[in-house]
Amino acid sequence: MTGHTLPAQQHLYPPQEELWDADSLGTQRAVVQVKKKVDGVTVSINWRNRNVTRNQAIIVIDSAGQEAVPEVQPVDITPERGVLTFATNGNKGIYYVYYLPYKLEGRGNYPDARYLDQPAKNTENRKKYKISKRSVAEVIRLEPVDDFNSNTPMEVIATREETEEFKKKVKGQPYVVFPEYREFPVKMKKYLPAKWVTGTLKPVFSDRVKRGEHYTFQLGVWAKDQDLTDISISYSGFRDRDGNILPETLFSCFNKEGTDYTGTPFSKTVNVAKGLVQPLWFGIDLPEETPAGTYTGEIVLKPSNSAEVKTKIELTVTEEVAGNNGMDEPWKQTRLSWINSTLAQENSVIAPYTPVEVKGNTLSILGRKVVLGENGLPSAVESFFTEEMTSVSDKAKDILASPFRFSVKKAGGPVVETDGSGVSFLEKESGKVSWSAVSSGHDLQMNVSGSLEFDGFMNYEIKLTAQRDVELEDVSLEVPLSEDSAEYLLGLGFEGGELPDVVDWKWDVKNRNQDGWWIGDVNAGMQLSLRDEHYQRPLNTNFYLQKPLRLPASWGNDGKGGIRIGASEGRVVVDNYSGKRSMKKGEELYFNFTLLITPFHTLQTDKHWNNRYFHAYKPVDSVIRSGSNVVNIHHANEINPYINYPFIATKEMKAYIDEAHRKNLKVKIYNTVREVSNRLYELYPLRSLDNEVFSEGDGGGSAWLQEHLQDHYIAAWYVPRYKDAAIINSGMNRWHNYYVEGMNWLVRNIGIDGIYLDDVAFDRITMKRIKRVLTRGGHPGLIDLHSANQYNERDGYINSAHLYMEHFPYIDRLWFGEYFDYEKASPAFYLTEVSGIPFGLMGEMLQDGGNPWRGMVYGMTNRMPYQEKRPDAIWKVWDDFGMQGSDMIGYWVKKNPVKTGNEKVLATVYRKEGKALVSVASWAEEDTSVTLQIDWKALGIDRKKAGIRAPEVRDFQPGRAFGTDEEIPVERNKGWMLIIEER
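Residues numbered from 1 in each chain as written. Predicted model: local features only at pLDDT ≥ 70, side-chain atom pairs only at ≥ 80, totals over all residues. Heavy atoms only, no water.

### Examining the sheet that holds strand β46 (residues 675-677)
The pairing of strands in a sheet happens through backbone hydrogen bonds and is either parallel or antiparallel.
Step number 1: Strands sit in the order β46-β48-β47 across an open sheet of three strands; the sheet is antiparallel. Both edges of this open sheet fall to β46 and β47 (715-719), since each of them pairs with a single strand only. Put simply, the sheet's adjacent strands are angled 25 degrees from each other on average, direction ignored.
Step number 2: Of the pairings in the sheet, the one linking β47 to strand β48 (residues 724-728) comprises three bridges and is antiparallel in character. Bridged to Y718 within β48 is A725. (Pairing = 2+ DSSP bridges. Helix = DSSP H or I, 4+ residues; strand = E, 2+ residues; numbered from the N terminus. Axes fitted to C-alpha atoms, helices over the stretch in contact; angles between N-to-C directions.)

### With respect to the pattern of salt bridges
Step number 1: Summed over all chains, the structure comprises 54 salt bridges.
Step number 2: A salt bridge links D455 to R764; the nearest nitrogen and oxygen atoms lie 2.0 Å apart. One end of the pair, D455, is in the loop between β30 (444-453) and β31 (457-466); the other, R764, is in helix α12 (residues 764-775), with 309 residues separating them in the sequence. Residue D455 shares its accessibility class with R764, and that shared class is buried.
Step number 3: Here the residues in one salt-bridge network are K668, D784, R813, E844 and R863, joined through shared partners. (Salt bridge = Lys/Arg side-chain N within 4 Å of Asp/Glu carboxyl O. Buried < 20%, exposed > 50% of the residue type's maximum accessible area, 1.4 Å probe, protein only.)

### Remarks on the pairing of strand β34 (residues 494-498)
Step number 1: By the bridge criterion, three bridges tie strand β33 (residues 488-491) to β34 in an arrangement that is antiparallel. Paired with L489 across the strands is G497, a residue of β34.
Step number 2: Between β33 and β34, which pair antiparallel one after the other, the connecting turn spans two residues, and L492 there sits at a positive phi close to 60 degrees.

### With respect to empty space enclosed by the protein
Step number 1: Taken as a whole and assessed by the stated rule, the structure comprises five cavities of 30 Å³ or more.
Step number 2: A volume near 230 Å³ is recorded for the largest cavity.
Step number 3: Lining of the largest cavity is provided by 17 residues; of these, D515, S529, R531, Y535 and L803 occupy positions nearest its centre.
Step number 4: Going through the elements one at a time, β37 (524-531), β42 (592-598) and α13 (800-803) are the ones with two or more residues in the lining of the largest cavity.
Step number 5: Among the elements that take part in the lining of the largest cavity, β37 stands out by supplying three residues, more than any other.
Step number 6: Counted by class, the lining of the largest cavity contains eight nonpolar, five polar and four charged residues.
Step number 7: Of the pockets and cavities examined, the second largest cavity occupies roughly 140 Å³.
Step number 8: In terms of lining residues, the second largest cavity is bounded by 15 residues, among which Y102, N149, W704, Y718 and K723 are the most central.
Step number 9: Breaking the lining of the second largest cavity down by element, the ones donating at least two residues are α1 (22-25), β8 (102-107) and α10 (703-708).
Step number 10: Here the lining of the second largest cavity is composed, by residue class, of seven nonpolar, three polar and five charged. (1 Å grid on protein atoms, 1.4 Å probe; cavity = no way out; pocket = protein on both sides within 12 Å on 5 of 7 lines; lining within 4 Å. Points joined across faces, edges and corners; volume = space filled by probe spheres on them. Nonpolar A, V, L, I, M, F, W, Y, C, P; charged D, E, K, R; others polar.)

### Some thoughts on the layout of surface pockets
The gaps of empty space that remain are located by a probe, the size of a water molecule, rolled over the atoms.
Step number 1: Within this model, the largest pocket holds a volume of roughly 1300 Å³.
Step number 2: Taken together, 35 residues line the second largest pocket, and the ones lying closest to its centre are E387, D521, W892, V893 and K894.
Step number 3: Of all the secondary structure elements, the ones that give two or more residues to the lining of the second largest pocket are β25 (392-398), α14 (827-835), β54 (898-899) and β55 (905-912).
Step number 4: Tallied by class, residues from the lining of the second largest pocket come to 13 nonpolar, nine polar and 13 charged.

### A word on the packing of helix α8 (residues 650-662) against helix α11 (residues 735-750)
Step number 1: Here α8 crosses α11 at 55 degrees, and the two axes come no closer than 10 Å. As the angle between them shows, α8 and α11 are arranged oblique. The residues of α11 that touch α8, namely those facing T650, M653, K654 and I657, are W745, N749 and I750.
Step number 2: A per-class count over the contact of α8 with α11 returns four nonpolar, two polar and one charged. (Parallel < 35°, antiparallel > 145°, perpendicular 65-115°, else oblique. Contact = heavy atoms within 4.5 Å.)

### Overview of the packing of aromatic side chains
Step number 1: Going through the model one piece at a time under the given rule, you end up with 55 aromatic pairs.
Step number 2: Members of the aromatic cluster, each reached through a chain of ring pairs, are Y181, F205, Y215, F217, Y235, F238, F251 and F282.
Step number 3: Above the plane of the ring of W815 lies R863, whose end atom (NZ or CZ) is 4.1 Å from the centre. (Phe/Tyr/Trp six-rings, centres within 6.5 Å; stacked < 30°, edge-to-face > 60°. Lys NZ or Arg CZ within 6 Å of the ring centre and 35° of its normal.)

### Structural notes on the side chain of N678
Step number 1: The residue N678 is located in the loop between β46 and α9 (683-687) in this model.
Step number 2: In this structure N678 comes out as buried when scored by relative accessible area, which is 4%.
Step number 3: In contact with N678, not counting residues within four places along its chain, are F148, L683, W704, L705, K723, D724, A725 and A726.

### Some points on the environment of Y175
Step number 1: Summarising the element assignment, Y175 is placed in the loop between α3 (160-169) and β11 (176-181).
Step number 2: A relative accessible area of 2% means that Y175 is categorised as buried.
Step number 3: Separated by 45 residues in sequence, Y175 and K130 place their C-alpha atoms 39 Å apart.
Step number 4: With residues near it in sequence (within four places) discarded, Y175 still touches V221, W222, A223, K224, L228, L301, K302, P303, S306, A307, E308 and V309.
Step number 5: Of the polar contacts made by the side chain of Y175, one reaches the backbone oxygen of L301; its length is 3.2 Å.
Step number 6: One polar contact links the side chain of Y175 to the main-chain carbonyl oxygen of A307, over a distance of 2.6 Å. (Polar contact = N/O pair within 3.5 Å; in protein donor to acceptor, adjacent residues only side chain to side chain.)

### As for the nonpolar core
Step number 1: Grouped together as the largest cluster of nonpolar side chains are 227 residues, with contacts concentrated most on F406, W517, F593 and F808.
Step number 2: Considering each element in turn, this core owes the most residues, nine residues, to α11.
Step number 3: If we ignore the near neighbours within four places in the chain, the residues touching F808 are F600, L785, A801, L814, F816, F839 and L841.
Step number 4: Among the nonpolar cores identified, the runner-up in size contains 44 residues, and F166, F184, F282 and I299 belong to it. (Core = buried A, V, L, I, M, F, W, Y, C linked by side-chain atoms within 4.5 Å.)

### As for the packing of α11 against α12
Step number 1: α12 packs onto α11 with a crossing angle of 15 degrees between their chain directions and a minimal axis gap of 9 Å. Considering the angle they form, α11 stands roughly parallel to α12. Both α11 and α12 take part in a crossing whose hand is right-handed. Where α11 abuts α12, its residues H736, N737, Y739, V740, M743, N744 and V747 lie against T766, R769, I770, V773 and L774. (Left-handed = near helix turned anticlockwise from the far one by under 90°.)

### Things to note about a negative patch on the surface
Step number 1: There is a patch of like negative charges on the surface, built from D398, E483, D484, E487 and E498.
Step number 2: Among the secondary structure elements, E483 is positioned in the loop between β32 (470-482) and β33.
Step number 3: Since its relative accessible area comes to 41%, E483 is described here as partly exposed. (Patch = residues over 30% accessible without salt bridge, like charges linked within 9 Å, V, L, I, M, F, W, Y side chains within 5 Å. Areas by Shrake-Rupley, 256 points an atom, 1.4 Å probe, with all protein chains shown as cover. Lys, Arg positive; Asp, Glu negative; His and termini not counted. Charge placed at Lys NZ, Arg CZ, Asp CG, Glu CD.)

### Some points on the environment of S430
Step number 1: Counting through the fold element by element, S430 comes out in the loop between β28 (424-428) and β29 (432-440).
Step number 2: Classification of S430 by relative accessible area gives partly exposed; the value is 39%.
Step number 3: Note: C-alpha distance between S430 and E453 (23 residues apart in sequence) is 8.5 Å.
Step number 4: In this view, S430 contacts V349, P355, V356 and F454; residues no more than four positions away in its chain are not counted.

### A few points about the sheet that holds strand β44 (residues 630-633)
Step number 1: Pairing within the open sheet is parallel, and its seven strands lie in the order β43-β44-β45-β49-β50-β51-β52. Each of the sheet's edge strands pairs with one partner strand only, and the pair in question is β43 (613-615) and β52 (843-844).
Step number 2: Bridge count for strand β45 (residues 666-670) against strand β49 (residues 754-758) is three bridges, and the pairing is parallel. Bridge pairing links K668 to G754 in β49.
Step number 3: Sitting on the sheet, α8 is in contact with β44 and β45, with an inclination near 150 degrees to β45.

So, in structure tokens, the structure goes:
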């Protein structure tokens, strides 16, 4: 193959207008010109389209009247071509033959294209035919509805005859290697493109490369005659005439090796089944100082069960230097190297956190302390956050009542006794401390490996090894919690609320995304999740059932394990048990678990009052007029059209952000990992990695997905306006490395101030990396997290706050969310599931605008301009009162200076010098009235000079004044904002 002149395929933006309505006629058509007045014609259309089936319906439209031809008789329909007869009734002119019509079923954002079959009479009447002469009718061209739906050239299939002829040329070769340019990603596994078999397979693959460029190309491997197993790859030569060398270390094959999202290098095995095509994508990171010249070498492929094949490669390195390593031209696949990035993997401390301090066996982090026992498990955990959650004190609040107890009980016998070695610290860094401990007994050995990170995350690996055959009654982890720190529960099938007296939970991973619990109070708590060495993060947000949790072999024990919670002697005991089992000598079981010690940091109230969100793409001046100062740019609009791939309308996005910055606004964009747009430039290289990046699934969805991906994917969100069809990511994989690099590029080149996360499908490792790149160089790095209520069947009945707690240390604001019932929810539900307060966060409401009276008890409003009832009137009260610098004292604070005397009418105080704003909200079942019980001294106001007034607030309350002892009427589900101040 020789050099080529075809340009790289950059996506057109704004996208092309469709030539016709694909959802009524399909995405492909042939244009037929009827040149003579005849009753009908028979044409042969060489569409070479793998999606066509024998019984595919055909629609013919007469362009003169744009009406369907009623009499269409498909005669011979195959993927290679179609022969059909249709009536013309003596009319000459242009006829459009639509050969992949479908009907859209499903929902608007989750469509499913069902391809239409021919009427039964057509399939029964196949007969001999005679093609009309070209002087009568001629196929002029094939047309896609737009360029993005084109099959040219890599989905134009070779015919069976062409393939057989090609096989003769390569007779004796069990497999064939086709070098291919990056501009033409290999897309088909079951067919060869005509481009490969109708041309000449040249002895040398040649291309031009800029210095400093990340250059990519492909080798397409066709397993012509046999299965190919464990293909190895080696490189040789790559010298120019002056003896300069391109060392082997510059080359990589993304299909064979890489670096996972944790920063760990790995290798993969590449197999190719007989008859299929496997593209191998190669990358070369060419240094800028590389001497210009033509470098020639070989890439050698060697399956373990077949002969090697050498492909000669000739790369001409030009004098030109690629700007930004070519990363600004992603349509050239220059960003593929991002999937192996280790950017921001360092475990540096992120603000506002402090380094981990170690004194003996005591570990201290921001507002919390952990003491390790001799077995390496926590013997004490303390919180120093105040009840208000606005400061850290020197007074400890115990989270544990007594040490963790890992207990092994033999069948019919006592608990197995072990001798501990004590704690040995392995690593002491500012961001992470790790240790180990070994406990040995006559029958079993327990190896404990633990770590604590600066944000309060603890990871434990407990390996239990049988020293001899042993029958066990149970292996359990008992966590005794202080009663004062065990007020509320998240997880285990319960919606957020007060901790029940008794909990008895069993594993059901097939249906329930549940593997642990959070128990705590506002200012002290702990989340625990049970795992083993094979843990994989499941899918979430509508897709849990398609990739659920794996039952941990240790804790789950084939369904025998579970969790029991109950109060005992002034403490709450959580018994994480596994049940009866046998262990053979040498057998190992991993009783792993993770902990999160909450809260993570204090409430950032001033930041909350100041940052006012506008959740829509609107002109900058209209955002300013709304009173907002932070804009969230969702997807499916002019500057961020494609879901989770904000790399198409970059000029438009940058222009908007530059204007916003000039006018003192911040701009955040929708960009997360869960699904990704089909406009992704790297779609086909990532598909070549099998299901590493994209989840295995049954396919379906939009017509584009079905026609171009066909199978082995899960269809996700779809936007009709942009024909944006997303597919689901597989979970924890190298796409997260790309995501981090992409975010870094957006900060440096586009100027984004943060991101809006619409649910999350990555773990805390990626979240930390994202926070680092977003905040580098003093950038704001704002992250807000939205979640629809995950407590439902399709999401596995998990609480959103519980699911995403590992991300909370790096979130600036919550927005929970659709399907949260703000009218029926209890105060405990608001506190634990919506507000974020027990974790150091603050939030906003979404569904139907929320309940503004109850929301204000937690400092929450809804968001502009998302709902009919908008928060700007409440914001005005904040500004008139001066919320900046106020002390928030929630109703949960025992010494709250304002109470209502009614346990179902709650009051939160925002105190300033000489005045206070009191938010009152009712959970009473009917209208009621309250008299405020005020600790005037604590409030800092002279009662004799004080007055109480309710400022008029649109859609919230009328203006009114009250006496200090006057009863205040409170309507059901409503409340007041009252200002108490000296006259």
